[in-house]
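# Architecture and fold: a report
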Amino acid sequence: MKLENYEVHLPSYSIGDQIYDKIGPVCESYGKTVLVIGGRKALAAAYDKIASYVEKTNLQIIGTEIYGENCTYQTVERLRALPLYHKADMVFAVGGGKALDTVKCLCITDDKPVFTFPTIASNCAATTSVSIMYNEDGTFLRPNFFVRPAMHAFIDTEIIAKAPCQYMWAGIGDTYAKYYEATISSRDERLEHFTALGVEVSRMCRDPLLIYSAKALADHKQGLCTYEVEQVVLAIVVTTGIASIFLTKDFTPDYNSGLAHAIFYALTRYPVIEEHHLHGEVVGFGVLIALLVDGQKEEFEKVYQLNRSVGLPTQLSDIEITPAQWEACLDVIPTMSDVAHYPYQVTKAMLEDAMSVFEKKAVYA
C-alpha cells in the first residue's frame, strides 16, 4: 500500500507573564515594519505592553488598526485595502478568536508573516490553521482552512488573567469537547499517524481541566496568573490548537468536531445564543447531551460535576432555550456536517432519549 504524501505545520508559541521579551528574537528575521491589528478592547489591554517591548528590538510599529466587529470576508478585504498593510513586513494580531481569525485569514492567504497575541483564553484561534468565518449578519458561514498556523503565538498570562473571566470559563467547555468529539468520531477506525496523534493529544484537552478548572477560575477572578491559570490557558489555547491541526484531514473537520458542536450550530438559529451566550458555554452543554447519546454515563457524570463546580450549563434554561425550541432543532441536528463523520447515525430519537435522562438529572441534582 502506497504511503500518502502530506505535510503538517505545528504551532510555535511562548507563554508567561513577561513573554513579550521574545518578540525580538522571534520576529526580527521576518523584516522590520509591523502593523498591529486587533479588537478595540484587546488593543487597550495589550498594545502599550507590546509597544514597550518592541522598542527594545529592531522592529518598528508603523500603525494600528481596529479589525472590525466580526470575522467576515468583507472585513478581510477592507483590511487588505489598507496602504499600511502593504507597507508592513509583518502583522501582529491582537485579541480574541474573531480578531485573530480575521487577521489570519488576511495574512496567511497572502503569505504575509502574522504573529498572534491572544488577550483572552476562550479558544485556540491563536494556534490553529483555520479561521471560522461568519456572514455579515453574524451567522456562521464556514471554516476557512490554511496549510499552516500563524508564525508564532505570544501568550501573555498576565494580560489574560486580567481579562473578564467569562472567556476562560467558556473556553473550558469548548476545550474538553475536543477530547470527547475526537474519540467518538475516530472510534473503531484505522487511523493515520497524524490523526492518531491528534486523538491522543486531545486527552490533554480534558484531563487538566478536570483537575485545575475550579482553582484557575477562582484565581482568574482575582486577576492572578497562577500555575493553575497557566495550565488551563495552555489546554485551551495550545493543546486544542495542536489537536485540531492533527485531526483535520484534507481541509475537512473529519475528527475535529461532533455532536456537541452540531448542537451549538443548530441552536444559533435563536438570537439569544449569539446575544447572551458564548460559544464554549453552549458547546459545554452539548457535550453533556453527546455523552448521553453515546452511552458514556461515567464521563457524563464527570463533566456534569465539572460544569456544576464552575457554573457551566447543566440544563436547557441555563442557555435560555425552551423545551419547544430544543424540540424544533431535533430534525436539524442529525443533518449537521459536524456529525457526518460519526461511528453511527445520530437520530432524533437518540436526542429525545438523552434529553429525557438529562432533564431527570437536573430535577434531582
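Report on the accompanying structure. (Residues numbered from 1 in each chain as written. Predicted model: local features only at pLDDT ≥ 70, side-chain atom pairs only at ≥ 80, totals over all residues. Heavy atoms only, no water.)

Further remarks concern the environment of Tyr-20. By secondary structure assignment, the location of Tyr-20 is in the loop between strand E1 (13-16) and helix H1 (23-27). In this structure, the C-alpha to C-alpha distance between Tyr-20 and Ile-120, residues 100 residues apart in sequence, is 16 Å. If sequence neighbours within four positions are ignored, Tyr-20 has contacts with Ala-46, Lys-49, Ile-50, Tyr-53, Phe-117, Phe-154, Asp-156 and Ile-159. (Helix = DSSP H or I, 4+ residues; strand = E, 2+ residues; numbered from the N terminus. Contact = heavy atoms within 4.5 Å.)

Our next topic: the nonpolar core. With 92 residues, the main nonpolar core has Leu-259, Leu-267, Ile-289 and Trp-326 as its most contacted residues. At 10 residues, the largest contribution of residues to this core is made by helix H13 (residues 279-293). If we ignore the near neighbours within four places in the chain, the residues touching Trp-326 are Ile-263, Leu-267, Phe-285, Ile-289, Leu-316, Ile-321, Ile-333 and Met-355. Core analysis: the second largest hydrophobic core is formed by 20 residues, Ile-19, Tyr-20, Leu-43 and Met-90 among them. (Core = buried A, V, L, I, M, F, W, Y, C linked by side-chain atoms within 4.5 Å. Buried < 20%, exposed > 50% of the residue type's maximum accessible area, 1.4 Å probe, protein only.)

With parallel pairing, 6 strands are arranged side by side in an open sheet as E1-E8-E5-E4-E2-E3. Looking at strand neighbours, the two that pair on one side only are E1 and strand E3 (60-66), the edges of this open sheet. Ignoring which end each strand starts from, the neighbouring axes of this sheet average 20° apart. As judged from the 5 bridges shared by strand E2 (residues 33-38) and strand E4 (residues 90-95), these two strands associate in the parallel manner. When the sheet's bridge partners are listed, Gly-38 is paired in E4 with Val-94. Sheet contacts for helix H5 (residues 97-110): E2, E4 and strand E5 (114-118); angle to E4, the most-contacted strand, approximately 165°. (Pairing = 2+ DSSP bridges. Axes fitted to C-alpha atoms, helices over the stretch in contact; angles between N-to-C directions.)

Secondary-structure assignment places Asp-207 in helix H9 (residues 207-221). Classification of Asp-207 by relative accessible area gives partly exposed; the value is 23%. Considered as a pair, Asp-207 and Ala-235 are 28 residues apart in the sequence and their alpha carbons are 9.1 Å apart.

A few words now on the pattern of salt bridges. For the structure on display, the rule yields 17 salt bridges. Arg-80 is the partner of Glu-77 in a salt bridge, and the nearest nitrogen-oxygen pair spans 2.5 Å. With Glu-77 and Arg-80 both in helix H3 (residues 73-80), this residue pair falls 3 residues apart, about one helical turn. We classify Glu-77 as partly exposed; its relative accessible area is 45%. The class for Arg-80 is buried, based on a relative accessible area of 18%. The partner of Lys-104 in a salt bridge is Asp-101, with the nearest N and O atoms 3.0 Å apart. With Lys-104 and Asp-101 both in helix H5 and 3 residues apart, this pair spans about one turn of that helix. For the residue pair Lys-104 and Asp-101, the accessibility class agrees, reading buried in each case. What you see here is one network of salt bridges that share partners, running through Lys-49, Asp-156, Glu-158 and Lys-162. (Salt bridge = Lys/Arg side-chain N within 4 Å of Asp/Glu carboxyl O.)

A few words on the side chain of Arg-148. Within the fold, Arg-148 resides in the loop between strand E7 (140-145) and strand E8 (152-156). The exposure class of Arg-148 is buried, given its relative accessible area of 13%. In this structure, Arg-148 is in contact with His-9, Ile-108, Asp-111, Lys-112 and Ser-129, ignoring residues within four places of it in sequence.

Attention shifts here to a nonpolar patch on the surface. Taken together, the side chains of Tyr-6, Val-8 and Leu-10 make up a nonpolar region of the molecular surface, amounting to roughly 260 Å² of accessible area. Turning to its location among the elements, Val-8 is positioned in the segment before E1. Owing to a relative accessible area of 33%, Val-8 belongs among the partly exposed residues under this scheme. (Patch = residues over 30% accessible without salt bridge, like charges linked within 9 Å, V, L, I, M, F, W, Y side chains within 5 Å. Areas by Shrake-Rupley, 256 points an atom, 1.4 Å probe, with all protein chains shown as cover.)

Among the 6 residues of E4, 6 are classified as buried, and the element is accordingly described as predominantly covered. Alternating residues of E4 divide into Met-90, Phe-92 and Val-94 and Val-91, Ala-93 and Gly-95, and every residue in both groups is buried. In the sheet, E4 pairs with E5 via 5 bridges, with the strands oriented parallel. Bridge pairing links Val-91 to Val-114 in E5. Handedness of the crossover joining E4 and E5 through H5: right-handed. (Right-handed = clockwise from strand over helix to strand, strands pointing away.)

This paragraph deals with the pairing of E3. Relative to E3, E2 runs parallel, the two sharing 6 bridges. Looking at the pairing, Val-34 lines up with Ile-61 of E3. For the segment spanning E2, helix H2 (residues 40-54) and E3, crossover handedness is right-handed.

Look at H3 against H5: their axes get within 9 Å of each other, and the N-to-C directions meet at 60°. Of the possible angle classes, the one that applies to H3 and H5 is oblique. Of the two elements, H3 crosses H5, and the hand of that crossing is right-handed. Across from Tyr-73, Thr-75, Val-76, Leu-79 and Arg-80 in H3, the residues of H5 making contact are Thr-102, Cys-105, Leu-106, Thr-109 and Asp-110. Along the lines of polarity and charge, the residues of the contact of H3 with H5 split into 5 nonpolar, 3 polar and 2 charged. (Parallel < 35°, antiparallel > 145°, perpendicular 65-115°, else oblique. Left-handed = near helix turned anticlockwise from the far one by under 90°. Nonpolar A, V, L, I, M, F, W, Y, C, P; charged D, E, K, R; others polar.)

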